[in-house]
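# Architecture and fold: a report
Okay, here's what each chain looks like letter by letter:
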Amino acid sequence: MKKREIPIIAFKCKKCGRIHYPFHDRCLTCLSRDFEKIHPQGNAKLLTFSAIFNLPWGFDQRFLIIGIAEFENKVKVMGQIKADSIDELQTGMTVLPTWEPVRVKDGENIYGVKFEPIK
Ligand SMILES: [Zn+2]
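Read on for an overview of the structure. Note that this is a predicted model, so its numbers are computed, not measured.

Here is what the cut-offs are and how they apply
Residues numbered from 1 in each chain as written. Predicted model: local features only at pLDDT ≥ 70, side-chain atom pairs only at ≥ 80, totals over all residues. Heavy atoms only, no water. Core = buried A, V, L, I, M, F, W, Y, C linked by side-chain atoms within 4.5 Å. Buried < 20%, exposed > 50% of the residue type's maximum accessible area, 1.4 Å probe, protein only. Helix = DSSP H or I, 4+ residues; strand = E, 2+ residues; numbered from the N terminus. Contact = heavy atoms within 4.5 Å. Phe/Tyr/Trp six-rings, centres within 6.5 Å; stacked < 30°, edge-to-face > 60°. Pairing = 2+ DSSP bridges.

It is characteristic of soluble globular proteins that their nonpolar side chains tend to be buried jointly. Formed by 18 residues in total, the largest nonpolar core has its most connected members in Val77, Ile81, Leu89, Val95 and Phe115. Those elements giving two or more residues to this core turn out to be β4 (44–52), β5 (64–71), β6 (76–81) and β8 (108–117). Each residue touching isoleucine 81, except ones within four places of it in the same chain, is listed here: Leu46, Phe49, Ile65, Ile66, Gly67, Leu89, Phe115 and Pro117.

Here we come to the packing of aromatic side chains. One pass over the full model with this rule turns up five aromatic pairs. Arranged with centres 6.5 Å apart and planes meeting at 80 degrees, the rings of phenylalanine 11 and phenylalanine 35 form a pair that is edge-to-face. With a gap of 24 residues between them, phenylalanine 11 in strand β1 (residues 10–13) and phenylalanine 35 in strand β3 (residues 35–38) connect regions that are remote in the sequence. Considered together, phenylalanine 11 and phenylalanine 35 belong to a single accessibility category, that of buried residues. Considering the side-chain rings of phenylalanine 23 and phenylalanine 35, the 5.6 Å spacing of their centres and the 70 degrees angle between planes classify their relative orientation as edge-to-face.

Another point: the sheet that holds strand β2 (residues 19–20). If you trace the three strands from one edge of the open sheet to the other, you get β2-β1-β3, paired in antiparallel fashion. Strands at the two margins of the open sheet, each flanked by one partner only, are β2 and β3. Two elements, β1 and β2, share two bridges in a ladder whose sense is antiparallel. What sits directly across from lysine 12, in β2, is isoleucine 19.

So, in structure tokens, the structure goes:
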């Protein structure tokens, strides 16, 4: 299988191991300023999800399902979920992360993370 690169950088505290994404100036647990840059790795586990009906400009869907998922190396990322209804989803399920256009702004594709439920 082709390795999927998610070009997101998360920041792992070198002292206590807590992962921050997005970046914080100091570790939220131990206040250290010493971070290691890491990328999300592997599949992800869906932690929470919700449907959004009032979308900003740049989306051509009627609604979006978004969620937060935790990668195998513990990086938590918010992204769109490829599902027609939240009825298809449950917390704890495995989702396949992909990096692809999520919206259009000024005629340009904006890339982001999408999660595809594994059936
Ligand atoms: Zn820390």
